[in-house]
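Structural features, examined
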Amino acid sequence: SPPEKMAGPYLFLDWNASLRDTLPKRHVRFPFGLDCSKEVASEAGTCLKHSFAGGAFLNGCWTDDRYDPTMGYDAHVSGEVATPPGDVGFWKVKGGGA
């Protein structure tokens with residue numbers, strides 16, 4: 001269970017950086033051939049992901065009991081944005097409520 005100091009709503013912001021290296025699958029019989037399409041092979045290689053992630057969690061503050069709620073509302077939302085100087089660019093948002 002979460003500690004009592006996290007009883008109320010909270011916000012977070014994270015910075016992420018990762019270096020990924022993807023290799024296409026090699027052909028079983030021909031070691032110099034690839035077992036994938038030309039498009040997949042062209043996207044393979046090293047890429048840098050640089051992103052910011054953030055979100056907000058109500059953490060059960062609008063419910064009658066945080067651990068065993070019978071009435072009230074709870075919700076969360078989080079998102080991530082990949083920005084330069086990385087090779088990958090995207091944004092995503094996810095959330096939920098009860």
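Relevant structure appears above.
Residues numbered from 1 in each chain as written. Predicted model: local features only at pLDDT ≥ 70, side-chain atom pairs only at ≥ 80, totals over all residues. Heavy atoms only, no water.

**Some details on a nonpolar patch on the surface**
Our working rule: Surface patches are defined over residues having more than 30% relative accessible area and no salt bridge, joining like charges when they lie within 9 Å and nonpolar side chains (Val, Leu, Ile, Met, Phe, Trp, Tyr) when within 5 Å. Accessible surface area values rest on a Shrake-Rupley calculation with a 1.4 Å probe, where residue burial reflects the displayed protein chains alone. We define a salt bridge as a side-chain nitrogen of Lys or Arg found within 4 Å of a carboxyl oxygen belonging to Asp or Glu. Strands are runs of DSSP state E lasting at least two residues, helices are runs of H or I lasting at least four, and both sets are numbered from the N terminus onward.
The grouping of Val 77, Val 81, Trp 91 and Val 93 at the surface amounts to a nonpolar patch, some 430 Å² of accessible area in total. You can see Val 93 is positioned in strand β6 (residues 90-97).

**Some words on the pairing of strand β2 (residues 45-57)**
Heads up, the condition is: Here a strand pair is declared whenever DSSP counts at least two bridges between the two strands.
With 13 bridges connecting them, strand β1 (residues 10-22) and β2 associate as antiparallel partners. Each residue of the ladder has a partner; that of Leu 11, found in β2, is Ala 56. Across seven bridges, β2 lies against strand β5 (residues 75-82) in antiparallel orientation. Residue pairing for β5: Ser 51 is matched across the bridge by Ala 82.

**Points about the sheet that holds β1**
Spelled out, the test is: Fitting a line to C-alpha atoms yields each axis, with helices limited to the stretch in contact; the angle taken between N-to-C directions then spans 0 to 180 degrees.
Strand order in the open sheet made by the four strands is β1-β2-β5-β6, with antiparallel pairing throughout. Because the sheet does not close on itself, it has two edges, and the strands there are β1 and β6. Between one strand and the next, the sheet's axes are offset by a mean angle of 15°, whatever the strand orientation.

**As for the pattern of salt bridges**
To be explicit about the condition: Working definition: with a 1.4 Å probe on protein chains only, accessible area under 20% of the residue-type maximum means buried, over 50% means exposed, and in between means partly exposed.
Evaluation of the coordinates by the stated rule reveals two salt bridges. In this structure, the salt-bridge partner of Glu 80 is Lys 49, at a minimum N-O distance of 3.2 Å. Within this pair, whereas Glu 80 is found in strand β5, its partner Lys 49 is found in strand β2, the two being separated by 31 residues in sequence. Each member of the pair, Glu 80 together with Lys 49, is buried. Bridged by salt links that share partners, the residues Lys 49, Glu 80 and Lys 92 form one connected network.

**Comments concerning the packing of aromatic side chains**
Note the following rule: Pairing of aromatic rings covers Phe, Tyr and Trp, the last counted by its six-membered ring, and requires centre-to-centre distances within 6.5 Å; plane angles under 30 degrees mean stacked, over 60 mean edge-to-face, and any other angle means tilted.
With the rule as written, the count across this model stands at two aromatic pairs. Residues Tyr 10 and Phe 57 carry aromatic rings whose centres are separated by 5.4 Å and whose planes lie at 15° to one another, so their mutual orientation is stacked. Pair noted here: Tyr 10 is in strand β1 and Phe 57 is in strand β2, with a separation of 47 residues, a long-range link. When its relative accessible area of 32% is taken as the criterion, Tyr 10 is described as partly exposed. Among the aromatic side chains, those forming a connected cluster through ring pairs are Tyr 10, Phe 12 and Phe 57.

**Quick look at unusual backbone geometry**
Pro 85 follows Pro 84 through a cis peptide bond whose omega is 20°. For Pro 85, the location among the structural elements is in the loop between β5 and β6. A positive phi angle, near 60°, is found at Asn 59, a position not held by glycine. You can see Asn 59 is positioned in the loop between β2 and β3 (62-63).

The values reported here are purely geometric and, on their own, carry no functional implication.
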